[in-house]
Amino acid sequence: MRLNKKARIAAIAIAMLTLAACESSEERAARFYESGLSLLEQGETQRAIIEFRNVLEADESHQDARAAIAAALLEIGNTGAGYRQYLRLIEQYPDHVEGRVTLAELSFQVNDFEEFDRHSEAAIDLDPENTRVQIVSLAAAYRTATQSQDLVALNEIAQTAEGLLAVRPDSVILRRIMIDAKLRDQDFEGAKAQLAAAIELEPNNRRLYGLQVGIATEEGDEAELERVLVQMNDLFKDDREIKEALVRFYMSRDRVGDAEAFIRAEAEAEPENMDRYISLTRFIADTRGLEAGIAELDNKLSKTPDNALLRSLRAGMIFEQGDRSGAVAELETVLGSAEPSDETDQIKIALAQMLLNTQNDVGARRQVEEVLERNPSNIQALKLQAGFFMANDDVDGALRVLRTALDLNPQDPETTSMMAEVHLRAGNRDLARDFLSLAAENASFAPRETLRYATFLIEEERNLAAEDALIRGLRATPNTVSLLNELGQLYITMKDVPRATQVERTLRRIETDETTSLADELKVRIINLENGSDEAIAFLEELATDNSDLNAQISLIRAKMSSGDVAGALASAREFQQRDPENATLRYALFAAEAANGNFAAAEAGYRTLIEEDPQRERVWLELVRVVARKGDAADTEATVNDALAALPSSANLLWASASILESRGDIDGAIGIYERLYAQNSDSIIVANNLASLLVSYRDDLDSLDRAFAVARRLAGTDIPALQDTYGWLLFKRGDLGEAQSYLEPAAAGLPRDALVQVHLGMLYDALERRPEAIQQLRKAIKIAGPDDNRPQILRAKETLEKLEKAGTE
């Protein structure tokens, strides 16, 4: 009987189902695997991936299929999915060399060095003779040498990498090592050749083009710099940072017209893309003022009055003008009538940021949660969520969220900067430095990221690296005042007078009041470095002869006070104040000079007059508190601080003073409460973190308090500042880590030899380590420093411990 078409199809389907039913899962997996391999040979990678997925459905533990699908995903550019498949592979088969080495390579490329260390160490143990493993091992050595600035080792590694390139010219890691080596040697031609080869391997690696930008900047090749930036904009059309870098390039060269033409062309090329028009409007607001930006928006809104994004942008501008409640109300109205979408997510992010600025953290979190519930891949929401985790000292939570954001966009400077901050909170300065460097690169050495990276390097006394970063930033955006000033101060630290002078002249050529003042300050430091303080003061006196040069007059008074000539400072202050009797700044300087000369009554009366005129003058309140405190009346000092806080209840400096007073009279809970409040206001402050943790660990022994102290103070790991070493060392002691505590408490005691509590901490550690003679000696020293009238709990406990030790020694 002849079957019709439908019947034939049904018969075939039944036959296939019957055949499938006869197959075991192993046979089915083998059939799909062979089909996948065949498709790979034919170049049908996408279809091969489907077949390999079928293998894994039939046999989840099929090692070869898991490895094949992981490699295929990498081949088509789906790095995230490929990475996850390799992770699954090594979870099932920890000794899989290819899986380990591939994960190490991918981790190295995105600067995820925790994962790199984990997988590279495993790969090296498994197969040290494997060429790819040797390259990964070389990468590990390269990273270690980079962190320790071991130039000899770096040169040897570069030579090894060059030899391995002959065997593996397709190695991204080897190319990266060679590029860095050529740049370190200032061999720009060699670096460009290596970059060209690397770009052939990774044509979509944004960082490689960023290095081309850096070389063009170093060589001063303006045409090449512009060409690469334009090329990057063409390749990475949705990358906001590249567009901003190109605009900065034009603006720093006074090509405002070119900048606006570029932004306008971007907007006109995609009229339906409101983000382009928003960028144009913001540019107008930045270059011509908020009023001009609002006028541009009003003109557009007159034609499209219901455009939610434009209304939200206008709300942002009126927020900047000061109408905060009106701006928030406008965004809430816009959201109330809109269906959830990518556009409303963007508006909710804007609203969340406004709410954060008005201290409505709860409302901000709610907006972010709603965005992430609809779209877990919203990078801006992820960054805000990471900020919430950091505010709660949940470092692990913040790292988890930021890693997700980096997977989505590894080149985002803000995300990499936040990663640096989180690693600092965790006490890992090496990783923080890596991410700050990456953030500067990703931002094409924009001023903000460059300054943050350079400041970090200066703190670590890596002055040459900081100089290099600042120069790269200035080549990208010439005459940036903040970078010039930091570079000038760095040259003073390095005692490099010729280069400091060059920076001073550059600042002076810009010819603004700010740069002239900064140039004068730098000139004073240069003269002081070359000829001593007398010559510097003479230069300031010359500047101060001009009645209008207030900065020079104040600088002269400060310089005389710093040099010990307090009488001369007072004479100058009186002279300048007589010339301009109503000038509040000069009157303040006069009262400070009176206090420095011991004329406390005159200083106090003067400060109180300034406060009567304007109770919001925080600096004056602080100086009044200091003057009253120097009179030795604790009750009067506390009353003055309370008066100041009544006028300025949110002043961090005054709250700090109040906390110190409470601690000194034994109200530890009150002091801790104030530091908790200060920490909530600014959890980035390492000093506030230290003081809060120090009080918690010094006066409380319960587990919750110690956990809170550790969450706050873990950023102090690796510090070389004695006061911070003492806090962290004592915290480690309280947590039972005696060996690690010793590495902090001994240098702390050496650095603060007159601090009784620091000496007590070391003595108690020696007692816990059963080093009795050293404990006795240390505790005797601490008790002697404290004096007979010191009845703080720690001193009393030290006396009891000393008595116990001495008694045991006698027995």
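Worth saying up front: this structure is predicted, and the values here are computed from it rather than measured.

Colleague: Explain helix α40 (residues 686–699) to me, and be specific about the residues and the numbers.
Modeller: Compared with an ideal rise of 1.5 Å per residue, which puts 14 residues at 20 Å, α40 spans 20 Å between its outermost C-alpha atoms and is within 8% of the ideal. With 10 of 14 residues buried, α40 is to be regarded as a mostly interior element. Buried within α40 are the following residues: V688, A689, N690, N691, L692, A693, L695, L696, V697 and S698.

Colleague: Give me the lowdown on the pattern of salt bridges, citing residues and values where you can.
Modeller: Taken as a whole and judged by the stated rule, the model has 61 salt bridges. Between R276 and E270 there is a salt bridge, with the nearest N and O atoms lying 3.1 Å from each other. Judged by its relative accessible area of 10%, R276 falls in the buried class. Using a relative accessible area of 26% as the deciding quantity, one classes E270 as partly exposed. Here E623 and R626 are joined by a salt bridge, their closest N and O atoms 2.8 Å apart. With E623 and R626 both in helix α36 (residues 618–630) and three residues apart, this pair spans about one turn of that helix. Exposure remark for E623: the relative accessible area of 15% places this residue in the buried category. The exposure class of R626 is partly exposed, given its relative accessible area of 41%.

Colleague: Break down empty space enclosed by the protein for me, citing the residues and quoting the values.
Modeller: Gaps between atoms show up when a probe of the same size as a water molecule is rolled over them. Under the criterion given, the structure shown has three cavities of 30 Å³ or more. Within this model, the largest cavity holds a volume of roughly 100 Å³. In terms of lining, the largest cavity is formed by Q109, V172, R175, R176, I179, A198, E202, N205, R207 and L208. Per element, the largest residue contribution to the lining of the largest cavity is four residues, and it comes from helix α10 (residues 172–184). Here the residues of the lining of the largest cavity are counted per class, giving four nonpolar, two polar and four charged.

Colleague: Could you give an account of the confidence of the model for the protein, naming the residues involved and the relevant values?
Modeller: Considering every residue of the protein, the mean pLDDT works out to 87; 96% of them sit at 70 or more. Long-range and interchain partners of residues 1–21, a stretch whose pLDDT sits below 50, account for two contacts in this model, where long-range means more than four residues apart.

Colleague: Go over the packing of aromatic side chains, please, and point to the residues and values.
Modeller: The tally for this structure, following the rule as stated, stands at 11 aromatic pairs. Taking 6.0 Å as the distance between ring centres and 75° as the angle between the ring planes, the aromatic pair formed by F108 and F113 counts as edge-to-face. What makes F113 buried here is its relative accessible area of 5%. Here the aromatic rings of F591 and Y607 are separated by 6.0 Å at their centres, their planes lie at 80°, and the arrangement is edge-to-face. Residue F591 is found in helix α34 (residues 584–596), and its partner Y607 is found in helix α35 (residues 600–613); the two are separated by 16 residues along the sequence. Members of the aromatic cluster, connected to one another through ring pairs, are F108, F113, F116 and Y142. The ring of F389 is capped by R400, whose NZ or CZ atom sits 5.7 Å from the centre of that ring.

Colleague: Tell me about the layout of surface pockets, and name the residues and values.
Modeller: Of the volumes computed, that of the second largest pocket is approximately 1,400 Å³. Around the second largest pocket, the lining comprises 39 residues; the ones closest to its centre are T146, R184, Y453, A465 and D468. Counting residues per element, the ones that place at least two in the lining of the second largest pocket are α8 (131–148), α9 (151–165), α10, α12 (206–219), α25 (429–442), α26 (447–459) and α27 (463–476). When residues in the lining of the second largest pocket are grouped by element, the largest group, nine residues, is from α27. Per-class residue counts for the lining of the second largest pocket are 17 nonpolar, eight polar and 14 charged.

Colleague: Describe in detail unusual backbone geometry, supporting the description with residues and values.
Modeller: At Q186, a residue that is not glycine, the phi angle is positive and equals roughly 60°. Positionally, Q186 belongs in the loop between α10 and α11 (188–201). Look at Q186 and you get partly exposed, because its relative accessible area is 47%. Unusually for a residue other than glycine, E511 sits at a positive phi of about 60°. Among the structural elements, E511 can be located in the loop between α29 (497–510) and α30 (513–531).

The rules we used
- Residues numbered from 1 in each chain as written.
- Predicted model: local features only at pLDDT ≥ 70, side-chain atom pairs only at ≥ 80, totals over all residues.
- Heavy atoms only, no water.
- Helix = DSSP H or I, 4+ residues; strand = E, 2+ residues; numbered from the N terminus.
- Expected span 1.5 Å × (residues − 1).
- Buried < 20%, exposed > 50% of the residue type's maximum accessible area, 1.4 Å probe, protein only.
- Salt bridge = Lys/Arg side-chain N within 4 Å of Asp/Glu carboxyl O.
- 1 Å grid on protein atoms, 1.4 Å probe; cavity = no way out; pocket = protein on both sides within 12 Å on 5 of 7 lines; lining within 4 Å.
- Points joined across faces, edges and corners; volume = space filled by probe spheres on them.
- Nonpolar A, V, L, I, M, F, W, Y, C, P; charged D, E, K, R; others polar.
- pLDDT = per-residue confidence, 0-100.
- Contact = heavy atoms within 4.5 Å.
- Phe/Tyr/Trp six-rings, centres within 6.5 Å; stacked < 30°, edge-to-face > 60°.
- Lys NZ or Arg CZ within 6 Å of the ring centre and 35° of its normal.

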